[in-house]
Amino acid sequence: MLRKTNLPALLALMVVAAGWATVETQAQHTHIQAQRAAITSQVAVLRADLEGAVNGPIQLVRGLIATIETEPDMDQARFAELASRLIDGQLLLRNVAAAPDMVIQLMYPIEGNEQAIGLDYNSIPEQRDAALRARNLGDLVLAGPVDLVQGGQGFIGRFPVFVQSSEGAQSFWGVVSAVMDLGVLYAQAGLDDDLPFLVTLIGRDATGAQGLSFFGPELTPEDEPVLSDVQLPTGSWQIAALPHGGWQTNPPQIWTIRAVLLLAAALILVPSIQMGRLMDARQLAIRKLEAANTVLKRQMHDLEAARATQTETEAQLRDSLRRQEEITNRFQDVADISRSWVWEQDAEMRFTYASETFIRITQFPAASVLGYTCLEVYAERPETLQSADWDDLKRRMARHEAFTGFVYRVVTDAGRDLWFQISGTPNFDAYGRFAGYRGAGMDVTEMQGARKQAEEASRALPHFLQI
């Protein structure tokens, strides 16, 4: 028959059993969450490295395309001059090719890529479909990994190029392709290192989570991997990560925890039987407090580890931002070489953006340009207003028409006599409402000077013949 003095011991035994199961379950849960947190932090760094490695070269190529749109008839020498600024010193970009009318005619570097010159995209179904998709979308299409004609594998970014005719209509010029080396991309992202976890990349051809995997082992939803999306200029990839051997249920200190729990049970039960109900209750309270302190210490340790991981992640993010700034500087170098710039206006025809090249060439303060219309910017410069038909341009812009090849003169405050050529196209929002203009300009002073000399020579010829 159960004695009353043994009732607290029986209750204590039940509490110990429940506490044992709860603590061990909580320890397992905490261990799994700690593993997931650690891998999530490492995957965040991997995702940032992948995004930086892919997005950087793509932004450089967009600068090259802006120049092609203003110089659609450039030859191989001019193309090589511009493309070398992108590739030289860039390990990831393997080559850049331009295919007017879907046939590769311009290539940099040529060495090692001779087999690709003259390639007609229409003759290869996979390449043709990707090129046509870029043309139809009017934006970048990222394909890969693919087998390259010149050997090896890589990712290919195909950019459609549209140029404006003299009537202002846009026409499809062709495709610019940038090949990113597969191995270099993986190396820059750290995928060729011995990572402390398994990594699978999903989304061949930038199709995201619904696409096919192209790197790493096949993982299933039952594996419960850590997932993270890699945002690309168009489309995405998905990273799936898992510890080697899967998630470890039991923490390394599981037997220590069990030993502590066993000791706590003994310290609770034995005094209860020997000293009665009061002593049993007192010992139980002490052991519970000790168990709570153990959990608190473990949580504090985990918090310190998380803080250390966060500090490391912030340092890596700062490094990624530094690399992005270097890429932006390279884009500005390309703009300086071509002496071209980009400008934007709002719906009231006031400048909202003018790239640094324009400010540097004209020596105009940015504050005297941004927020003003063309006529307001040049209001105090009669030689500019007299050098071109600004009224005609104003009427065309009032009708929201695209224009190209508008040439005018500017005399800077330093006395430099310059000639500029600008082109622009109207911009509309998602509801079809006019939102302003976006366009490009370039310094054509040398071209204008050559034209003037030719005209003077033509006028002097009849006089010379009369003599």
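Residues numbered from 1 in each chain as written. Predicted model: local features only at pLDDT ≥ 70, side-chain atom pairs only at ≥ 80, totals over all residues. Heavy atoms only, no water.

Caption draft 1: Structural context of helix α4 (residues 182-189). Every buried residue of α4 is listed here: L182, L185, Y186 and A189. Buried residues of α4, seen end-on, are gathered within an arc of 95 degrees and therefore sit on one face of the element. Capping the start of α4, D181 holds a side-chain oxygen 3.0 Å from the backbone nitrogen of G183, two or three residues further along. Looking one or two residues beyond α4, the residue adopting positive phi is G190, at roughly 85 degrees. (Buried < 20%, exposed > 50% of the residue type's maximum accessible area, 1.4 Å probe, protein only. Helix = DSSP H or I, 4+ residues; strand = E, 2+ residues; numbered from the N terminus. Arc of directions from axis to C-beta. Polar contact = N/O pair within 3.5 Å; in protein donor to acceptor, adjacent residues only side chain to side chain.)

Caption draft 2: Broad picture of the sheet that holds strand β2 (residues 106-108). Pairing is antiparallel in the open sheet, where five strands are placed in the order β2-β1-β5-β4-β3. Two strands in the sheet have a free side with no partner beyond their single neighbour: β2 and β3 (141-147). Going across the sheet, the axis of each strand differs from the next one's by a mean of 20 degrees, ignoring polarity. As paired elements, strand β1 (residues 93-100) and β2 share three bridges and run antiparallel to each other. (Pairing = 2+ DSSP bridges. Axes fitted to C-alpha atoms, helices over the stretch in contact; angles between N-to-C directions.)

Caption draft 3: Molecular detail of empty space enclosed by the protein. One pass over the full model with this rule turns up three cavities of 30 Å³ or more. In this structure, the second largest cavity occupies an estimated 110 Å³ of space. In this structure, the second largest cavity is lined by W341, W343, F351, A354, F358, V369, C374, V377, Y378, W390, Y408 and I422. Counting only elements with at least two residues in the lining of the second largest cavity, the list comes to β10 (340-345), β11 (351-354) and α7 (374-377). Of the residues in the lining of the second largest cavity, the class split is 12 nonpolar, no polar and no charged. (1 Å grid on protein atoms, 1.4 Å probe; cavity = no way out; pocket = protein on both sides within 12 Å on 5 of 7 lines; lining within 4 Å. Points joined across faces, edges and corners; volume = space filled by probe spheres on them. Nonpolar A, V, L, I, M, F, W, Y, C, P; charged D, E, K, R; others polar.)

Caption draft 4: Summary view of the pairing of β3. Burial runs high along β3: five of the seven residues are buried. Taken together, the five bridges between β3 and strand β4 (residues 153-164) define a ladder with antiparallel strand orientation. Residue pairing for β4: D147 is matched across the bridge by Q153.

Caption draft 5: The sheet that holds strand β6 (residues 197-202), seen in detail. The sheet built from four strands is open, its strands ordered β7-β6-β9-β8 with antiparallel pairing. At either margin of the open sheet sits one strand with a lone partner, and together these are β7 (213-215) and β8 (226-231). When strand polarity is set aside, the average angle formed by the axes of neighbouring strands in this sheet is 30 degrees. Alignment of β6 against strand β9 (residues 236-243), held across six bridges, turns out to be antiparallel. In the strand pairing of β9, L201 is matched with I239. In the packing of helix α1 (residues 7-70) onto the sheet, the strands contacted are β6, β8 and β9, and the crossing angle to β8 comes to about 15 degrees. (Contact = heavy atoms within 4.5 Å.)

Caption draft 6: Spotlight on the packing of α1 against α4. Their axes nearest at 8 Å, the elements α1 and α4 cross at an angle of 140 degrees. Between α1 and α4, the crossing angle belongs to the class labelled oblique. The two elements α1 and α4 cross, and the hand of that crossing is right-handed. Along its contact with α1, which presents L46, D49, L50, A53 and V54, the element α4 presents L185, Q188 and A189. Among the residues forming the contact of α1 with α4, the class breakdown is six nonpolar, one polar and one charged. (Parallel < 35°, antiparallel > 145°, perpendicular 65-115°, else oblique. Left-handed = near helix turned anticlockwise from the far one by under 90°.)

Geometry only, nothing functional implied.
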